[in-house]
Amino acid sequence: MHLRSWVVWIASIVAVALSTRNPLYLVLIMLVAQIVNVRMASANGTAVPTWWLRFGALAVPLSALFNAISVHFGDTVLLTIPGSVPLLSGIVTLEALVYGALNGLLITAVVSVFSVFNIAVPAYQLVRSTPRAFQSMGVTIGIALSFIPQTARRFKEVREAQAVRGHRVRHLRDWLPLWLPLLIGGLEQSTQLAEAMVARGFGATANRHSSLQTRTLLALGLVLILSGWLASFIVKGIAIAAIAIMAVGVLTIGTGLWLSGQAVPHTVYRPQQFTLLDGLCLVSSIIVAGLLLLPIPFIAQTTLQYYPYPALTPPLFDPTIGLLMLAWLSPLLAIRPAAQEH
Amino acid sequence: MSTNELLHPTARHSMSGAPYRTSHMAVQRLLSISIYILTSLIGLTAFLYPFFTLTVQTTVASQQLAHSADSPLILALLIGLSLAALAVETQGQMLSARMIALLGILVAINSTLRFADAVVRGPGGFSPIFLLIIACGYVFGGRFGFLMGILTMLVSAIITGGIGPWLPYQMFTAGWMGMSAGWLGAARKIINRSKTGSTHVSRIRKREIIMLCIFGAGWGFVYGAIMNLWFWPFQAGDAAQSWQAGLSLTRGIQRYLAFYLATSAVWDIFAAVGNIALLALFGIPTLNALLRFKNRFMFTTDFAARTPDKV
């Protein structure tokens, strides 16, 4: 699937996930993420990522425990921690336990969605999609990603060479004979790389520093964002005006970045195809987020908000919202095997 | 046509009006400084927003709405945009192939360290990546340190699957760490100036390491304290250490300090002690290696600085 569709898909789910603490919806989001993970893994021939489940298995109980022993609020008292230990002493309630678990569940749901992104979008595709305004950073990231395997290989070579000399790692200081050759070798390698880059004409153009126009737009945009943001905190009742000022700031910065990018020539050897199914996934993600976050009469958005205090009540589930969330499975239609991406 | 003009077609224009060029450069410099200051202020506002919003909402219901309105995703987008503006500004000032190659390789080394750290976790908040961010910022300057910080976080997140709404915060904080390490460069010059002769190099280096150890220990705590802020409002409850609407700024800070001491202080002690240990054990040889290569990497030929009659 196209990178643009993935970004919109993730933004749509995360925006909704962060606006709910209803465990039923959060579990549904995780289920959707894992189904897409399984489909991605089968398309790429890789293992299904389960690390986020391990993360959740740790985050949910820890968060529940922490909240239960530190938040002494709620009607259903489970036990009382005696004494006068600051923060800890007091009642432990079921509501606090559940609320803590919900915090952990929320973070796990967000992580599960990003686990899809991490296997769906290869590093080279991310680097290739670097906006033209960040050409130098894109080159740097490309170099770094290319040299990571070489660095790991060099570390292994250094370790073996030192081991032949009888070196063993027992304490932290024993890492120095491994660290220093790795660092100096890397520095030497960078001089060779720089010479190769210059020999191939890198940086040959006369002046690619940020232009006055770009800098002015960036500075102006930052001023607008900051002033709008601070105004929303300081002056009451101007929320819409503040948001408008910030939006103008965002547009100004966007224009500055676009102008900066225009100065950099860019060609793509194999452009990634944006298919009809990619477009369908993109549009459906925007529609779902809009329907769930904007005030729409026939959708019970109040069920998104769940608050266990002061007395625990079962969370409500609106089937319409559930069905809308299932529309996030749209990548199943658009996912192609890695070999067919171009 | 002079050699200078052949190499740099814009040189004739720039040298023909020296006063214009001076004022133009002054404006450019002013704008550059403004971008740095404004981006840092936006970053600070984003991190400190839980303290700003304390007095705005008053009810539980509005608290929920506040969470959805000021969600970390929107904040992450704003931070990301500010970061992008700063990145464009910073990269524009160090475009040479040497610096890009150096930065790329150093980021690769640091990302490999973070990958190893992700596979075999160190104790608590200990992480080996801060050694190189601090050392590079200290030796090569604030801009390089900033780029080293943000790119280390970005590249290591790509290879470890750590991309998420927390990433812009990590990048910003690590970037600040590298940038502030660059500010210590001025202190280095003062230390070096206080002694003359090459016999004092070893003593000077020890002083530098002591200074960097203190700096690293401080950042061990500051990094954790700043990073907690992005999710602190989502750990909401009613305890003395939780975010809650309707409180005063002072009370909010007190609650955050209580939260930090209860949850992160021990974790960050490991980060601080780890930074001290790494800088104390590996600092001198690392600085020596970086300083030795610095002159090879940072020489520039300033054609425009020549006067027209000499060309």
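Residues numbered from 1 in each chain as written. Chains lettered and ligands numbered in written order. Predicted model: local features only at pLDDT ≥ 70, side-chain atom pairs only at ≥ 80, totals over all residues.

**Q** Residues and numbers for the overall build of chain B, please.
**A** Counting secondary structure elements, chain B contains 12 helices and 0 strands. When the helices and strands of chain B are placed in sequence order, the string is α-α-α-α-α-α-α-α-α-α-α-α. In chain B, the share of contacts with a sequence separation of at least 24, taken over all contacts with a separation of at least 6, comes to 79%. (Helix = DSSP H or I, 4+ residues; strand = E, 2+ residues; numbered from the N terminus. Contact = placed C-beta atoms within 7 Å.)

**Q** Tell me about the domain arrangement of chain A, residues and numbers included.
**A** Here chain A is described as being made up of domain 1 (3-128 + 273-340), domain 2 (132-199) and domain 3 (212-262). Each of domain 1 of chain A and domain 2 of chain A has a C-alpha centre, and these two points are 38 Å apart. (Domains from an automatic or database assignment.)

**Q** Lay out the interface of chain B and chain A in plain terms, naming residues and giving numbers.
**A** With 76 residues of chain B in contact, the opposing surface of chain A contributes 79 residues. For the side of chain B that touches chain A, the secondary-structure elements that each account for two or more residues are helix H3 (18-52), helix H4 (60-69), helix H5 (72-92), helix H6 (97-119), helix H8 (142-160), helix H11 (249-263) and helix H12 (265-298) of chain B. By residue number, the principal contributor to the side of chain B that touches chain A is H6(B), which donates 14 residues.

**Q** Describe in detail the nonpolar core, supporting the description with residues and values.
**A** Ala144(A), Leu222(A), Leu103(B), Ile134(B), Cys136(B), Ile150(B) and Leu151(B) are the most contacted members of the largest nonpolar core, which totals 103 residues. Composition of this core by domain shows at least three residues from each of domain 2 (132-199) and domain 3 (212-262) of chain A. Sequence-distant contacts of Leu222(A), that is, excluding residues within four places in its chain, are made with Gly249(A), Ile253(A), Ile35(B), Leu38(B), Thr39(B), Ile42(B), Ser82(B) and Ala85(B). Counting residues in each nonpolar core, the second largest holds 49 residues, with Ile13(A), Leu18(A), Val71(A) and Ala289(A) among its members. (Core = buried A, V, L, I, M, F, W, Y, C linked by C-beta atoms within 7 Å. Buried ≥ 20, exposed ≤ 12 C-beta atoms within 10 Å, placed from the backbone.)

**Q** Just give me the short version of the packing of helix H2 (residues 23-44) of chain A against helix H4 (residues 94-120) of chain A, but keep the residues and values in it.
**A** All names here are of chain A. Following both chains from N to C, one finds H2 and H4 inclined at 20°, their axes separated by 9 Å at the closest point. Classed by the angle they form, the pair H2 and H4 counts as roughly parallel. Judged by the sense of rotation from one axis to the other, the crossing of H2 with H4 is left-handed. On H4, the residues touching Pro 23, Leu 26, Ile 29, Met 30, Ala 33, Gln 34, Val 36, Asn 37, Met 40 and Ala 41 of H2 are Leu 102, Leu 105, Leu 106, Thr 108, Ala 109, Ser 112, Val 113, Ser 115, Val 116, Ile 119 and Ala 120. For the contact of H2 with H4, a count of residues per class yields 16 nonpolar, 5 polar and no charged. (Axes fitted to C-alpha atoms, helices over the stretch in contact; angles between N-to-C directions. Parallel < 35°, antiparallel > 145°, perpendicular 65-115°, else oblique. Left-handed = near helix turned anticlockwise from the far one by under 90°. Nonpolar A, V, L, I, M, F, W, Y, C, P; charged D, E, K, R; others polar.)

**Q** With reference to specific residues and values, describe helix H9 (residues 239-262) of chain A.
**A** Its 24 residues give H9(A) an end-to-end C-alpha distance of 34 Å, which sits within 8% of 34 Å, the value for a rise of 1.5 Å per residue. By the burial criterion, the buried members of H9(A) are Ile245(A), Met246(A), Gly249(A), Thr252(A), Ile253(A), Gly256(A), Leu257(A) and Ser260(A). (Expected span 1.5 Å × (residues − 1).)

**Q** Give me the lowdown on the confidence of the model for chain A, citing residues and values where you can.
**A** The pLDDT averaged across chain A works out to 85; a share of 95% of its residues lies at or above 70. Here helix H5 (residues 123-128) of chain A is the element of chain A with the lowest mean pLDDT, 72, and helix H11 (residues 319-326) of chain A is the one with the highest, 94. (pLDDT = per-residue confidence, 0-100.)

**Q** How would you sum up the confidence of the model for chain B? Please name residues and give values.
**A** Residues and elements named next belong to chain B. Overall, the prediction assigns chain B a mean pLDDT of 75, with 70% of residues at 70 or greater. Confidence scores differ between elements of chain B, with helix H1 (residues 3-7) showing the lowest mean pLDDT of 39 and helix H7 (residues 129-140) the highest of 93. Scored below 50 in pLDDT, residues 1-15 makes 20 contacts in the model with residues more than four places away or belonging to other chains. Note on residues 55-70: pLDDT is under 50 here. Beyond four places in sequence and across chains, it has 21 contacts. Two numbers describe this predicted complex: its pTM, 0.71, and its ipTM, 0.77.

**Q** Account for H11(B), naming residues and giving values.
**A** Residue and element names in this part refer to chain B. The end-to-end C-alpha distance of H11 is 21 Å, a good match for the 21 Å that 15 residues give at a rise of 1.5 Å each. Within H11, burial applies to Gly 252, Arg 255, Tyr 256 and Phe 259. Each buried residue of H11 sits inside an arc of 100° when the element is viewed along its axis, so together they form one side. (Arc of directions from axis to C-beta.)

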